[in-house]
Structures are given as C-alpha cells and as structure tokens.
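Each chain, letter by letter, is given below.
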Amino acid sequence: MGCLGALLFLLGGLGALARICEITEVDSTLVERLGQHLLPWMDRLSPEQLNPSIYVGLRLSSLQAGAKEAHYLHSLKLSYQQSLLSNDNSDSEAKPSMGQLALYLLALRANCEFVGGRKGDRLVSQLKRFLEDEKGAIGHNHQGHPHTSYYQYSLGILALCVHQKRVHDSVLGKLLYAVEHEQHLQQGHFPVDTLAMAGLAFSCLKLSNLNPNQRNRITVALGRVQEKILKAQTPEGHFGNVYSTPLALQLLMASLRPTVELGTACLKAKAALLASLQHKAFQNPLMISQMLPILNQKSYVDLISPDCEAPRVLLEPATETPSQTQVPGFIHVTLKVSSISPSYRHSVSVPVSSSLEDVLKKAQEHSRFRYGTQASLSGPYLTSVMGKKAGEREFWQLLRAPDTPLLQGIADYRPRDGEAIELRLVGW
Ligand code: B12
C-alpha cells in the first residue's frame, strides 16, 4: 500500500472514507461559469427545446436561476402534461419518450413535489406501462432488447423510486439480470453511463426498500456496478470517458461500500474531471446538468428527500467578453461516407471554430451530400445521411478518420484544419 493508500486507510478508519468520492472545495467561479452556460437554454421554452435534465441539475447544484427557474418548471409542466395526458394520438412522434417522462418526474421531485392527484397518477401509470412494454420487448428469456435502452429503463425505475412508487419485481428483475449478465449492457455503446444509471436506480431502491424480496440481489448488483465502473477507469482518470465520469461519480458517491481502492480511483477521477472543466470540455447543457450535482456533493439519489431550503447562489448572466479573439480565416475539413454506394468524399472550407454541423450544412449546399437530424436533450442527433435513415438499433456514428469515435455531437464538435470526419452507419 503506497502513501496515498495508507492515508485513505487511515481516513477510512476515521469514518471519513464514505465521503471520499465527493468533490469538495471546487473554485466557485468555475462552478458559476458552468451554471451560466445553462441560462440561455432556460429561455428556450418550445416543447422541442425544453429539457427537464437542466432543471434537475440546477436544483441539485449550489446555484439558482431566480424567477427563471420557477418559470422553466411551469413551462415543463404545461408541455409534459399537455402532450402526455392528451388523448390526441395524431402527433404521437412528438410525445416524450420513457426517459424524458422519467426526467420530468425527477424534475418535479427536485422541486420537492410528489406526483399525486389524478393527473400525477396518470403519469405514473404511463411510466409503469412504458416499463412493462420494455419488459415485454426484453422477453422471458432475456434475448430481446428494450426499444429505448437500459439507460432509459434505469431512469424510469429511478424516477418511480424517488417518488416512492414501487415497480413490480419482474420489471426490476430485467435490469438486475442485465447487470448480472453484463454482455447485455456491454454490447451497447457507453456501458459506464448505463451502468451508473442502473446503479443509481439500485441505490435508491436499496435505501427505500421498495422491493424487499430483491434486497440481496440489489446489493450484489450494486457491488458489481461499482466494480465494473472502477475497472473502466482510463489512465487519465476518467471512468469510461470524460462525459460518463459525472454520472459514474454520482453513483460512486452514493456508494455504501467505500474501500481504499474506491477512494484512490475517485481522487484520480476528480483531478481528471477538474482538469477537463478548466479546459472547457463541458459546454453542452445536458452534460453540465449531469455534472453540477457532483460539484455540490449531490446525486440523483438525493431526490429521495431533496433539500429545497438549502441556500443557493443566484446566477447572473455572463458578462460579454467583447473581443474574444476570433481567429480569422478558414479551415478545410474532409467529409467521408463509406456506408453508402457510391461512397462520398468531399473537402469543405468553413470559418475557423465552425462546428461539425456547419461543415455538414456547407457540404449540403455545395455537393450531393444530404443529412437529417432530430432534436434531443443532448442537441441535434444525426438520423439520416444521403437519404439513408438509421434503422432500429443502428446509428450514424461520428468518427475522426481513420477510426476515433467523437465524444461530442455535430453541434458541439469543432473540427481542426485538415481533419477528415467519417459518418458510419453501425449497429449498437
Ligand atoms: C443511449 C445512448 C446512445 C445510443 C442512442 C440510441 C437509443 N435509442 O437510445 C447510441 C449508441 C445510438 C448513441 C449514439 C451517440 N452518442 Co450517445 N449516449 C447514450 C446515453 C447512454 C443515453 C442517452 C439517453 O437515453 N438519454 C435519456 C433520454 C431521455 O434523453 P434523450 O435526449 O431523449 O435521448 C436521446 C438522445 O440522447 C440521443 N443521443 C444519444 N447519444 C447522443 C449524443 C449526442 C451528441 C446527441 C446530440 C444525441 C444523442 O439518443 C437518445 C435516444 O433517442 C448517453 C449517456 C448520458 N450520460 O447522457 C450517451 C451520450 C449522450 N452519447 C454521447 C455521444 C458522444 C454519442 C455519439 C456522438 C457517439 C459517436 N461518436 O457517434 C452518437 C450520436 C451520433 C449522432 N448520430 O448524432 C455522449 C455525449 C457527450 C457530449 N459531449 O454531449 C454521451 C454523454 C456518452 C458519453 N459518455 O460519451 N448514444
């Protein structure tokens, strides 16, 4: 055991280890700057742009947005209730998904509300129905897949749990099985995010004791989740990648099994995450919303009994920095699509600091390139390329050629001069 290990062992003995995965003493200006990024998004109140995750993240943070915050929740309520409770099925595409409904219920709980009344009960029934359908899609022998994902399945169970609503043991059983036989989660991309969300659901259930018959299985699964996440730590310290680390830390923070190994891993992850923050890796509002709670030593599990009286610092809009030295000039980016016939390859010239979305737009204007997107909580999601839509359990993967998957979406990723970007249709 090295010096650090010895120190952690000592802290453990003093009962302090349980808090070792918490991030404390972060530069408050850094946290505020992160929160300020959310403010402009809170002015976007169209149903397509409303994002319950932003509200949850803010309420679990050390920051508040004053009147804007209440107004945002009001808009969320109007939009979600209208689309979920209306019997109008004509525009069913626009209805929130299971995961979005779950995030909406988390947002209500973040405001210390329990779902209730006729409307609330209908939302709960709807979420339970979604989960039952997904259970059916996974099937008796666990050979199938949820229509959405195990990430959304976990979110659904977590949301019901923080509202003290019980799911049937058989619904929970599907998630437990997936974690016990983790090839089910491993097959998909981003296993750490999914494991962390499953773990948060298990932590909530363990604390709330809503499924007493599954208690032992939940405890074992939680241990397994923790072990898998620790194994996924990169040499730099991230769990999975930089963007799965916030959820991973939320889970590890709520851990009931603190060990020296956990303490060491969390210290390393914290250092890596703070360095990424300094390098402005967190610009996307959804990512910021998953990050803010851990900078306030909170996780989604705290929504079991949120503290709505806790003092929070009022966010002021960022003051403009007028001469943000915008480098003039253009860059060249090559766009490649090999998953179609004939394949496509074209070089595009765009202003410095353009996003990949700008590159796609330019290519569409000046060549035979075509693409389509769909709004999501993470931003525009690329759904079709050259008229080819990704099918069920397929997606258009973004890569930096030859083979490095991008860690950001088309709106956030800013290619460098000379880079080649490939869009590849793959299964997941
Ligand atoms: C499941 C998942 C996927 C699935 C989605 C399919 C499905 N039916 O579920 C698959 C494997 C296809 C996928 C693809 C990608 N993903 Co993804 N995905 C997730 C995950 C684990 C959960 C998303 C979710 O269900 N959220 C809850 C629901 C309620 O929210 P939603 O907005 O309605 O969900 C939709 C969108 O999230 C969308 N989606 C999924 N991933 C991404 C990524 C981006 C950038 C966008 C705009 C949309 C999007 O698919 C969801 C289902 O419809 C998150 C993890 C996380 N920490 O959030 C990562 C995550 C959002 N994905 C990420 C990335 C980078 C990607 C890709 C860009 C990877 C790549 N190199 O191609 C692609 C998207 C490319 C494109 N076509 O635009 C990053 C985003 C980081 C960031 N900086 O914003 C995350 C955080 C994972 C990570 N740790 O790196 N993803």
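That block above? That's the structure.
Here's a quick rundown of the structure. (Residues numbered from 1 in each chain as written. Predicted model: local features only at pLDDT ≥ 70, side-chain atom pairs only at ≥ 80, totals over all residues. Heavy atoms only, no water.)

**So, the overall build of the protein chain**
If you tally the helices and strands in the protein chain, you get 15 helices and 10 strands. Taken against the 2.2 N^0.38 rule, which gives 22 Å for 428 residues, the C-alpha radius of gyration of the protein chain at 22 Å falls within 12% of a compact globule. On the principal axes, the C-alpha backbone points of the protein chain span a range of 60 × 55 × 45 Å. Across the 428 residues in the protein chain, those meeting the buried criterion constitute 50%. Surface summary for the protein chain: the accessible area is close to 20300 Å², and the carbon and sulfur share equals 52%. Between the mean site of the 42 positive side-chain charges and the mean site of the 37 negative ones, the protein chain shows a separation of 4 Å. (Helix = DSSP H or I, 4+ residues; strand = E, 2+ residues; numbered from the N terminus. Rg over C-alpha atoms; globule rule 2.2 N^0.38 Å. Buried < 20%, exposed > 50% of the residue type's maximum accessible area, 1.4 Å probe, protein only. Areas by Shrake-Rupley, 256 points an atom, 1.4 Å probe, with all protein chains shown as cover. Lys, Arg positive; Asp, Glu negative; His and termini not counted. Charge placed at Lys NZ, Arg CZ, Asp CG, Glu CD.)

**Quick word on the packing of aromatic side chains**
Evaluation of the coordinates by the stated rule reveals 5 aromatic pairs. On the numbers, 6.0 Å between centres and 25° between planes, the contact of Phe369 with Tyr371 is stacked. With a relative accessible area of 0%, Phe369 lands in the buried category. An aromatic cluster is defined as three or more aromatic residues linked by ring pairs; in this entry it consists of Tyr344, Phe369 and Tyr371. Directly above the aromatic system of Phe114 lies the positively charged group of Arg109, at a separation of 3.7 Å from the ring centroid. The ring of Trp428 has Arg393 sitting right over it, with the charged end atom 4.4 Å from the ring centre. (Phe/Tyr/Trp six-rings, centres within 6.5 Å; stacked < 30°, edge-to-face > 60°. Lys NZ or Arg CZ within 6 Å of the ring centre and 35° of its normal.)

**Topic: the pattern of salt bridges**
Applying the stated criterion across every chain, the model contains 10 salt bridges. In this structure, Glu132 and Lys135 form a salt bridge, with 3.2 Å as the shortest nitrogen-oxygen distance. Of the two residues, Glu132 and Lys135 both sit in helix 6 (residues 117–138), 3 residues apart, roughly one turn of that helix. Ionic pairing is found between Glu227 and Lys231, a salt bridge with its closest N-O pair at 3.7 Å. Taken together, the residues Glu227 and Lys231, both in helix 11 (residues 215–231) and 4 residues apart, mark about one turn of the helix. (Salt bridge = Lys/Arg side-chain N within 4 Å of Asp/Glu carboxyl O.)

**Some remarks on helix 12 (residues 245–253)**
Of all the 9 residues making up helix 12, 9 are buried; the element is thus mostly covered by neighbouring parts of the structure. In the core, the buried residues of helix 12 are packed alongside helix 7 (150–162), helix 10 (191–208), helix 11, helix 13 (260–278) and helix 14 (285–295). (Contact = heavy atoms within 4.5 Å.)

**A look at the site of the ligand**
Around the ligand sit 34 residues in total, of which Gln100, Asn241, Leu377, Leu398 and Leu406 are the nearest. With respect to the ligand, the backbone of Ser244 contributes an N or O atom lying 3.3 Å from a nitrogen atom. Among the elements of the structure, helix 5 (98–110), helix 7, helix 14, strand 6 (379–385) and strand 8 (394–400) are those that each provide at least two residues to the shell around the ligand. Split into classes, the residues belonging to the shell around the ligand amount to 17 nonpolar, 16 polar and 1 charged. (Near = heavy atom within 4 Å. Polar contact = N/O pair within 3.5 Å; in protein donor to acceptor, adjacent residues only side chain to side chain. Nonpolar A, V, L, I, M, F, W, Y, C, P; charged D, E, K, R; others polar.)

**As for the sheet that holds strand 5 (residues 371–376)**
In spatial order, the strands read 5-6-7; together these 3 strands make up an open sheet with antiparallel pairing. Edge positions in the sheet fall to strand 5 and strand 7 (388–389), since each of these pairs with one other strand and no more. Summarising the sheet, strand 5 and strand 6 pair through 6 bridges and their orientation is antiparallel. Looking at strand 6, one finds that Ser376 is bridged to Gly379. Running over the sheet, helix 15 (residues 356–366) touches strand 5 and strand 6 and is turned about 145° from strand 5. (Pairing = 2+ DSSP bridges. Axes fitted to C-alpha atoms, helices over the stretch in contact; angles between N-to-C directions.)

**Things to note about the nonpolar core**
Counting residues in each nonpolar core, the largest one holds 104 residues, and the members touching the most others are Phe202, Phe239 and Phe282. Setting aside its immediate chain neighbours within four residues, Phe239 contacts Val192, Ile229, Leu230, Ala232, Gln233, Ser244, Thr245, Ala248, Leu249, Leu252, Ala265 and Ala269. Within the second largest apolar cluster, 25 residues are counted, among which are Val333, Leu335, Leu382 and Trp396. (Core = buried A, V, L, I, M, F, W, Y, C linked by side-chain atoms within 4.5 Å.)

**Regarding helix 7**
Given a rise of 1.5 Å per residue, 13 residues ought to cover 18 Å, and the 18 Å separating the end C-alpha atoms of helix 7 matches this to within 8%. Within helix 7, 11 of the 13 residues are buried, which leaves the element mostly enclosed by the surrounding structure. Within the span of helix 7, buried status applies to Tyr150, Tyr153, Ser154, Leu155, Gly156, Ile157, Leu158, Ala159, Leu160, Cys161 and Val162. Positive backbone phi, at 60°, marks Gln164, one or two positions downstream of helix 7. (Expected span 1.5 Å × (residues − 1).)

**Notes on the side chain of Arg312**
Examined against the element boundaries, Arg312 turns out to sit in the loop between helix 14 and strand 2 (313–314). In contact with Arg312, other than residues within four places in its own chain, are Leu58, Arg59, Ser61, Ser62, Leu63, Gln64 and Glu69.

**Notes on the pairing of strand 4 (residues 344–351)**
Relative to strand 4, strand 3 (residues 330–337) is paired through 8 bridges, and the arrangement is antiparallel. Across the sheet, the residue bridging to Ile331 is Val350, located in strand 4. Taken together, strand 3 and the strand that follows it, strand 4, pair antiparallel across an intervening segment of 6 residues.

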